[in-house]
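If you want the building blocks of each chain, they are given just below.
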Amino acid sequence: MPDPSPPPPVTFPADDPWMAAARAAAARSRRTVSPRPWVGAVVVTPDGRSFAGATEGRSGPHAEVVALSAAGAEARGATLYVTLEPCSHHGATPPCADAVIAAGISRCVVALEDPDPRVAGEGIARLRAAGLEVVVGVGAEAASRQLAPYLAHRRTGRPLVVLKLAATLDGRTAAADGSSRWITGPEARLDAHRLRADSDAVVVGAGTVRADDPALTVRLPAGEFDGPHHRQPLRVVLGGAAPDRQVHPCLEWTGDPGALLDELGRRSVLQVMVEGGAAVAHSFHAGGLVDRYVLYLAPALAGGDDGPPLFRGAGPATIADLWRGRIEAVTPLGADLRIDLVPGLGPAEGA
């Protein structure tokens, strides 16, 4: 799971708005660069002019180089804000640290050190050795949230796991006959497609494939997911899928969920979205494999216990063993609510 304790914030109030601008630039490349990290950079001249850039595509220049190219000669003596440490190795592109030095940047403000072992502080060290002032940690918490899938993958070798669930207020995911379209309204369903677009893989069980025949593709309005660098997530079925199902082509998996995460990590999947059903949700939850829960709750009541629940499997034997987390956000979506929940309080700490 991702490191739950980001580095302590570094306070340079004048730097905060520029680092926020770098994060905004990074957000624009979120769906087009994975498995590379979505990084943003801003060059700010002494007289306050700015030039922004973000990592381009899956083989194009990194954010620092894009911003430096936009600034041109104005980069000399300027400050560079970047959401992730400039790289120090030759990969798809030359080292960004060398480009920063060559451009004449005098000060570099970095939100996060890069946990990739090929970097891991070496980029920062190279900048300092060249005489640049380097500040690390400005906007670290926000950058950690933005880059959470990348950081999780580099630290654990596995993708960040998002478990998405949709239910009535009394916790039912379908009616007694299995029908579930639609529990939530169009705004919540659109938001779920955005969450799918942010993911590199989507996981469902064979039962869901048999019952619903889902395509598991991203379907968003024109302009949100139709550029040359966008790609559909890898579709994964736990068990088998009949040849005529819409989910093909897909990865059919019969091993345990942990081994699946290892395999997806080897395939450079940074974020996986688990979409169900109840037995699949339980297997990831009970195994402690979920990094973020996203629950869409509709203002509806099943009013009985004969519809499928959120989880199907053994729960805690006593109230002291309840899983407890931390609600990070509650977002209204039309008539529905989106609740973002992350692992937090343990059983002994709960009230």
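Sequence order as written defines the numbering, with residues in each chain counted from 1. Thresholds applied to this predicted model are a pLDDT of at least 70 for local features of residues and 80 or more for the giving and counting of side-chain atom pairs; totals over whole chains, interfaces and linings are not thresholded and use all residues. Excluded from the side-chain calculation are hydrogens and water; included are all heavy atoms of the structure.

Chemist: Any chance you could break down the overall build of the chain for me, citing the residues and the numbers?
Modeler: In this text, helices come from DSSP runs of H or I with a minimum length of four residues, and strands from runs of E with a minimum of two, each type numbered from the N-terminal end. Broken down by element type, the chain carries 10 helices and 13 strands. Over its C-alpha atoms the chain spans a radius of gyration of 22 Å, differing by no more than 12% from the 20 Å that the globule rule assigns to 351 residues. With respect to the three principal axes, the spread of C-alpha positions in the chain is 70 × 50 × 40 Å. Exposure classes here rest on a 1.4 Å probe applied to the protein chains alone. A residue is buried below 20% of its type maximum, exposed above 50%, and partly exposed in between. Taking all 351 residues of the chain together, the buried fraction comes to 49%. Within the chain, contacts between residues separated by at least 24 positions form 72% of all contacts whose residues are at least 6 apart in sequence. Every accessible area reported is derived by Shrake-Rupley at a probe size of 1.4 Å, with residue values counting cover from the shown protein chains alone. Carbon and sulfur atoms provide 55% of the accessible area of the chain, an area that totals close to 15,800 Å². Counting rule applied: Lys, Arg positive; Asp, Glu negative; His and chain ends not counted. Here the site of a charge means atom NZ of a Lys, CZ of an Arg, CG of an Asp or CD of a Glu. Charge-centre separation for the chain: the mean point of 34 positive side chains lies 3 Å from the mean point of 39 negative side chains. For the radius of gyration, the atoms used are the C-alpha atoms, and the globule rule reads 2.2 Å times the number of residues raised to 0.38. Two residues form a contact once any of their heavy atoms are found within 4.5 Å.

Chemist: Describe empty space enclosed by the protein, listing the residues and the values that go with them.
Modeler: The pocket and cavity definitions rest on a 1 Å grid over protein atoms only: a 1.4 Å probe that fits but cannot leave marks a cavity, an open set with protein on both sides within 12 Å along at least five of seven lines marks a pocket, and residues lining either have an atom within 4 Å of a point. Grid points are joined across faces, edges and corners, and a volume is the space filled by probe spheres set on the points. Overall, the coordinates contain one cavity of 30 Å³ or more when judged by the stated rule. Space inside the largest cavity adds up to approximately 90 Å³. Along the walls of the largest cavity sit Arg30, Arg31, Thr32, Ser34, Arg58, Ala197, Asp198, Ser199, Asp200, Arg231 and Pro233, which together make up its complete lining. Following the grouping adopted for this structure description, the nonpolar residues are Ala, Val, Leu, Ile, Met, Phe, Trp, Tyr, Cys and Pro, the charged ones are Asp, Glu, Lys and Arg, and the polar ones are all others, Gly among them. Of the residues that constitute the lining of the largest cavity, the class distribution is two nonpolar, three polar and six charged.

Chemist: Hey, could you go over the sheet that holds strand S6 (residues 160-168) for me, with residue numbers and the actual values?
Modeler: A pair of strands is labelled paired if DSSP reports no fewer than 2 bridges between them. In spatial order, the strands read S9-S8-S7-S10-S6-S11-S13-S12; together these eight strands make up an open sheet with mixed pairing. In this open sheet, the two strands that pair with only one neighbour each are strand S9 (251-253) and strand S12 (325-333). For this sheet, the mean inter-axis angle between neighbouring strands, taken without regard to orientation, is 20°. Summarising the sheet, strand S7 (residues 201-205) and strand S10 (residues 271-276) pair through four bridges and their orientation is parallel. Within the sheet, the bridge partner assigned to Val203 lies in S10 and is Val274. Helix H9 (residues 257-266) contacts S6, S7, strand S8 (234-238), S9 and S10 of the sheet and is inclined by roughly 150° relative to S9. Here an axis means a line fitted to C-alpha atoms, over the contact stretch when the element is a helix, while the angle between two N-to-C directions is reported on a 0 to 180 degree scale.

Chemist: Give a detailed account of the sheet that holds strand S4 (residues 107-110), specifying residues and quantitative values.
Modeler: Hydrogen bonds between backbone atoms are what pair the strands of a sheet, whose relative direction is either parallel or antiparallel. Here five strands make up an open sheet; going across it, the order is S2-S1-S3-S4-S5 and the pairing mixed. The open sheet has two free edges, formed respectively by strand S2 (50-54) and strand S5 (133-136), since each of these has just one partner strand. Adjacent strand axes in the sheet meet at a mean angle of 15°, parallel and antiparallel pairs treated alike. Pairing analysis gives four bridges linking strand S3 (residues 79-82) to S4, with the strands arranged parallel. Within S4, the residue paired with Leu80 across the bridge is Cys108.

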